[in-house]
Amino acid sequence: MYFMMRIVATVLFSTAVINAGGWEDSDHAEAALRQLHQATKWQQNGQSLLSLSALRTLRDPDLRPFFQQFSQHSEWSVQVHAVLGIAELSEDQTIDPWLVQQIAPTAREHVVAQALDDGLFQQEQIEALLKWPLLETSPRLLLLADLQLLTGTVDKEALQKLSNNTDLTVAMFAALLSGDENSIEKTTQILRRATKNDRRYALQRTNQLIRQYELTSSSEWLHSLLEKKIVTLTDQERYWMLYTLLAIDTESGLDLWERAFPIEPERIDKVNYLLLLLESGVVPTPEHIKRLKIELDDPLLGLMVRAGNVNKDPSEITSEDIDNLVLLVEQGHRSSVDWALRVADDHLTQSQAESFYKPLATIPESTNPRRKSVATKAFTELIDISPDVAWEILRTAKDDSEQQQLLLLAMLQIPNDNVVNEAMKLRRIGLNKADIMTLLLIARGKTKLQENDQEYLGIIAAGGGHISPALETQAAWLYLRRMGLTDKALAAVRPR
């Protein structure tokens, strides 16, 4: 569960206003304490969760007592951030099984799922939680699946119990994970007789988990549902079942793909079923193109076909293939963009990924929010794989431009010292939006702030910078920490 921080207003903040304020450090501190308290109070609009996520992003060891306070909050979603925050700040960056046992069941389900995704579990912690008799079925299933992936051993007894569960979202995948044919057949019959809603939810979750754990042994089950029609499936359910089959058994899936859509497909069918090939790592062949009746000069479909060449072995991918992938992203078709970003993350070599992300990290003067989001993602990836390229893009960005602000926004989501060091190199000539974001990055470091920067940070923390509440929360904590007031800050946000 990640929450993106978003700048919500233009900074209208002049030196004259600052100088006229006449605030003392104590005034700033009191205002920052109020800001931190308000930002971390539970709010129906979810703002408190954004603030907690922003504080987690800092990866500040001094925040550990803060998250410990919130681990027993009355709202389960706050507990999730608290437990994950503690794990991220631990010495070995692993989840604490005992702490997971203390939180609400709904929080526990989300913590286990997210911590597994983020690599915050090791085998020792998984085994410790599985020994706890009160662990709910859904997180138990995920932990068993991860342990099976780690060790290659199947806990048939535990999976047999889960396959008998009344929750079909648990039972169906447990049966498949066990590999027991009788359990699979029995649970499939229950699925067949289930209500429409229960069947939909169970199929959706089972498909997701099969792909997540690459459960190739479920290929026969998927094929039987699609071909023998044991379970009544809607068109949408058949589509996602086929997607899952293609993901784990491409050869078998392609046989069914040929018969999955009309002889004369509508344009939406062409896009959707071409995406199935791309998502499954298939390079579209002339036969696929003919079956879909795609004209290669079509501005979207033709480009999707050409970009599909990146599904080749990385050693065979050309610079032209990468260029076509970039052009496809710039088209702005949401599903195609999502695929392109995933294939770049999972399949391209470092140099190929650099060639892909570099042009996307730079935006045109006037662009839409989706393209801005892509630029932020691209720059974040460049910082990781090619920092020299990333910092060159940052240095050449026009001061206080939208481009510079997007790059700084990406940097604010990355907790490492290099980001702070690069921010310190930027020229700051006032207190516009980019200057404030740069100051927030610098304040994360250990270098002593100049007196005027310390004052500006206090004003920003008190809400004087007109930035998002999440960033104001960061500013409040950073200011109080630099003032040596972390104890007061912790007291100010203690849940009551």
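These remarks concern the structure in this document.

Cut-offs and rules
Residues numbered from 1 in each chain as written. Predicted model: local features only at pLDDT ≥ 70, side-chain atom pairs only at ≥ 80, totals over all residues. Heavy atoms only, no water. Core = buried A, V, L, I, M, F, W, Y, C linked by side-chain atoms within 4.5 Å. Buried < 20%, exposed > 50% of the residue type's maximum accessible area, 1.4 Å probe, protein only. Contact = heavy atoms within 4.5 Å. Helix = DSSP H or I, 4+ residues; strand = E, 2+ residues; numbered from the N terminus. Lys, Arg positive; Asp, Glu negative; His and termini not counted. Salt bridge = Lys/Arg side-chain N within 4 Å of Asp/Glu carboxyl O. Polar contact = N/O pair within 3.5 Å; in protein donor to acceptor, adjacent residues only side chain to side chain. 1 Å grid on protein atoms, 1.4 Å probe; cavity = no way out; pocket = protein on both sides within 12 Å on 5 of 7 lines; lining within 4 Å. Points joined across faces, edges and corners; volume = space filled by probe spheres on them. Arc of directions from axis to C-beta.

**Quick look at the nonpolar core**
Part 1 of the reasoning: Core analysis: the biggest nonpolar cluster contains 160 residues, and Trp221, Trp339, Phe356, Phe379 and Met411 have the highest contact counts within it.
Part 2 of the reasoning: Those residues in contact with Trp339 that sit more than four places away from it in its chain are Leu275, Leu278, Glu279, Ala307, Gly308, Val310, Asn311, Leu325 and Leu328.

**Describing the side chain of Arg140**
Part 1 of the reasoning: Following the sequence through the fold, Arg140 ends up in helix H9 (residues 137-151).
Part 2 of the reasoning: Among buried charged residues, Arg140 stands out as having no salt bridge; its nearest opposite-charge side chain is Asp155, 7.3 Å away.
Part 3 of the reasoning: For Arg140, the side chain forms a polar contact with the main-chain oxygen of Trp132, separated by 2.7 Å.
Part 4 of the reasoning: For Arg140, the residues in contact, after removing those within four places along its chain, are Leu130, Trp132, Pro133, Leu135 and Leu162.

**Regarding the layout of surface pockets**
Part 1 of the reasoning: In this structure, the largest pocket occupies an estimated 1200 Å³ of space.
Part 2 of the reasoning: Looking at the lining of the largest pocket, the elements with two or more residues in it are helix H14 (219-227), helix H15 (235-248), helix H17 (267-279) and helix H21 (334-346).
Part 3 of the reasoning: If you tally residues by element for the lining of the largest pocket, the top one is H15, at nine residues.

**Details of unusual backbone geometry**
Part 1 of the reasoning: The phi dihedral of Lys229 is positive, around 55 degrees, even though this residue is not glycine.
Part 2 of the reasoning: Among the secondary structure elements, Lys229 is positioned in the loop between H14 and H15.
Part 3 of the reasoning: Non-glycine residue Asp400 carries a positive phi angle of around 60 degrees.
Part 4 of the reasoning: Assignment of secondary structure puts Asp400 in the loop between helix H24 (387-396) and helix H25 (402-411).

**Structural notes on helix H22 (residues 350-360)**
Part 1 of the reasoning: Turning to H22, its buried residues number three or more, namely Gln352, Ala353, Phe356, Tyr357 and Leu360. Taken around the axis of H22, the buried residues stretch over an arc of 120 degrees, which confines them to a single face.
Part 2 of the reasoning: On its buried face, H22 is in contact with helix H20 (319-331), H21 and helix H23 (369-385).

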